[in-house]
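For reference, the chains in residue letters:
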Amino acid sequence: MTRTPRPRLAYHHTPGTGPTVVFLPGYASDMGGAKALALEAWAQASGRAFLRFDYAGCGASEGVFAAQRFADWLDDVLAMIDGVAQGPVVLVGSSLGGWLMLHVALRRPERVVGLVGVAAAPDFTDWGFSVEEKLQLLQQGRIERANPYGPEPTSYSAAFWQSGEAHRLMFGEIAIDLPVRLLHGMADRDVPYVRTVRLAELIRSARVQAWLVKDGDHRLSREADIALLIRAVEDVCP
């Protein structure tokens, strides 16, 4: 069976030395956020390769947001790594992007040389939805939540939720043997920081560190947070 082509993705690629640092945004986010732009500026100043992009249906990429599944965005990340990035890559995953980066590391172990999670949210389709919301997704096909970061509500489809459930990882050892840095704000109201502590336990690598910021929120985009993020990326780059 011929698969329908994926939507064309918008991206910015900065050529440079070393592994390509690839930024993976969060759910319903895009490549224009503070962390992505700050990392791009750091990469350009230091001559490092860097790649940021929008998932299908997000930002400047083609596609309908409501039609995208977790598996589709995973395919988008793999396409960017296979088709744009050159050689080894370091993945920086924010929230949902932190879930995606784990799957990419498992699927491209010969390419991925380091991981940095920022409020990583693996399996959030499990713990991030109430029983009532899950029932509504199954019965009505979608739910909406108030968005603390913008005027429009955040929507979730049953297709995305079901695809996320099929890609859960937090049930046993995660066979990743890379240097990993996991940053998380202890004042994060969206993803409890204990999720990062548990993730650090499950990743098989002994080179895992969890960095907690006591007054940090979900975004971790203040100047001091950005400095910590850059330090984490430098830490895992070979």
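The present account deals with the structure reproduced in this document.

Conventions adopted
Position labels on residues start from 1 in each chain and follow its written sequence. With the structure being a predicted model, the display of local features is reserved for residues of pLDDT at least 70 and the display and counting of side-chain atom pairs for 80 or more, all residues being used for whole-chain, interface and lining totals. Only hydrogens and water are removed before side-chain values are computed, so all heavy atoms of the structure are retained for them. Only one rule defines a salt bridge in this text: a Lys or Arg side-chain nitrogen within 4 Å of an Asp or Glu carboxyl oxygen. A helix here means a DSSP run of H or I that spans at least four residues, while a strand means a run of E at least two residues long, and both kinds are numbered starting from the N terminus. Exposure categories follow from relative accessible area, calculated using a 1.4 Å probe and restricted to protein chains: below 20% of the type maximum is buried, above 50% is exposed, and the middle band is partly exposed. In this description, contact between two residues means that some pair of their heavy atoms is separated by no more than 4.5 Å. Lys and Arg are tallied as positive, Asp and Glu as negative. Neither His nor the chain termini are counted. In protein, a polar contact means a hydrogen-donor-capable atom and an acceptor-capable atom, both N or O and within 3.5 Å, with residues adjacent in sequence counting only if both atoms are side-chain atoms; elsewhere, any N or O pair within 3.5 Å suffices. What makes a nonpolar core is a set of buried Ala, Val, Leu, Ile, Met, Phe, Trp, Tyr and Cys residues whose side-chain atoms join them at distances within 4.5 Å. Patch definition: residues with relative accessible area over 30% and no salt bridge; like charges joined within 9 Å; nonpolar side chains (Val, Leu, Ile, Met, Phe, Trp, Tyr) joined within 5 Å. Methods summary: accessible areas were calculated by the Shrake-Rupley approach with a probe of 1.4 Å, and residue burial reflects only the protein chains presented. One requirement defines pairing of two strands: DSSP has to find at least two bridges between them. Note on method: axes are straight lines fitted to C-alpha atoms, helices fitted across the in-contact stretch only, with angles between N-to-C directions ranging 0 to 180 degrees.

**Some points on the pattern of salt bridges**
Stage number 1. The full count for this structure, using the stated rule, is 18 salt bridges.
Stage number 2. The shortest N-O distance in the salt bridge between Asp 126 and Arg 168 comes to 3.3 Å. Of this pair, Asp 126 sits in helix 4 (residues 124-127) while Arg 168 sits in the loop between helix 6 (158-165) and strand 8 (180-185), and the two are 42 residues apart along the sequence.
Stage number 3. Across the pair Arg 204 and Glu 173 runs a salt bridge, and its minimum N-O distance is 3.9 Å. With Arg 204 in the loop between helix 7 (194-202) and strand 9 (208-213) and Glu 173 in the loop between helix 6 and strand 8, this residue pair connects regions lying 31 residues apart in the sequence.
Stage number 4. Owing to a relative accessible area of 40%, Arg 204 belongs among the partly exposed residues under this scheme.
Stage number 5. According to the relative accessible area criterion, Glu 173 is exposed, its value standing at 59%.

**A closer look at the environment of Leu 74**
Stage number 1. Here Leu 74 shows up in helix 2 (residues 70-83).
Stage number 2. The class for Leu 74 is buried, based on a relative accessible area of 3%.
Stage number 3. Note: C-alpha distance between Leu 74 and Leu 24 (50 residues apart in sequence) is 10 Å.
Stage number 4. Look past the residues within four positions of Leu 74 in its chain and what remains in contact with it is Leu 100, His 103, Val 104, Arg 107 and His 167.

**Focus: the side chain of Asp 188**
Stage number 1. Counting through the fold element by element, Asp 188 comes out in the loop between strand 8 and helix 7.
Stage number 2. The side chain of Asp 188 sits in the buried core without any salt bridge; Arg 189 is the nearest counter-charge, 8.2 Å away.
Stage number 3. Of the polar contacts made by the side chain of Asp 188, one reaches the side chain of His 184; its length is 3.1 Å.
Stage number 4. Once you skip the residues sitting within four places of it in the chain, Asp 188 turns out to touch Ala 119, Gly 216, Asp 217 and His 218.

**Examining the nonpolar core**
Stage number 1. Within the largest apolar cluster, 50 residues are counted, with the highest numbers of intra-cluster contacts made by Tyr 55, Trp 73, Leu 91, Leu 96, Leu 100, Leu 115 and Phe 124.
Stage number 2. Filtering out sequence-adjacent residues up to four positions away, Leu 91 remains in contact with Val 22, Ile 81, Met 101, Val 104, Val 112, Gly 114, Leu 115 and Val 116.
Stage number 3. By size, the runner-up hydrophobic cluster in this structure holds 22 residues, among which are Ala 36, Val 118, Val 233 and Val 236.

**Regarding a nonpolar patch on the surface**
Stage number 1. Taken together, Met 186, Val 197 and Leu 212 make up a surface patch of nonpolar side chains, about 210 Å² in accessible area.
Stage number 2. By the element assignment, Met 186 lies in the loop between strand 8 and helix 7.
Stage number 3. Among the residues examined, Met 186 registers a relative accessible area of 32% and is labelled partly exposed.

**Comments concerning the sheet that holds strand 4 (residues 89-94)**
Stage number 1. Strand order in this open sheet of seven strands is 1-3-2-4-5-8-9, and the pairing throughout is mixed. Across the chains shown, the open sheet's two edge strands, defined by having one partner strand only, are strand 1 (11-14) and strand 9. The average undirected angle you get between the axes of adjacent strands in this sheet is 15°.
Stage number 2. Its contacts with the sheet place helix 2 against strand 1, strand 2 (17-24), strand 3 (48-53) and strand 4, and it is angled at close to 150° to strand 3.

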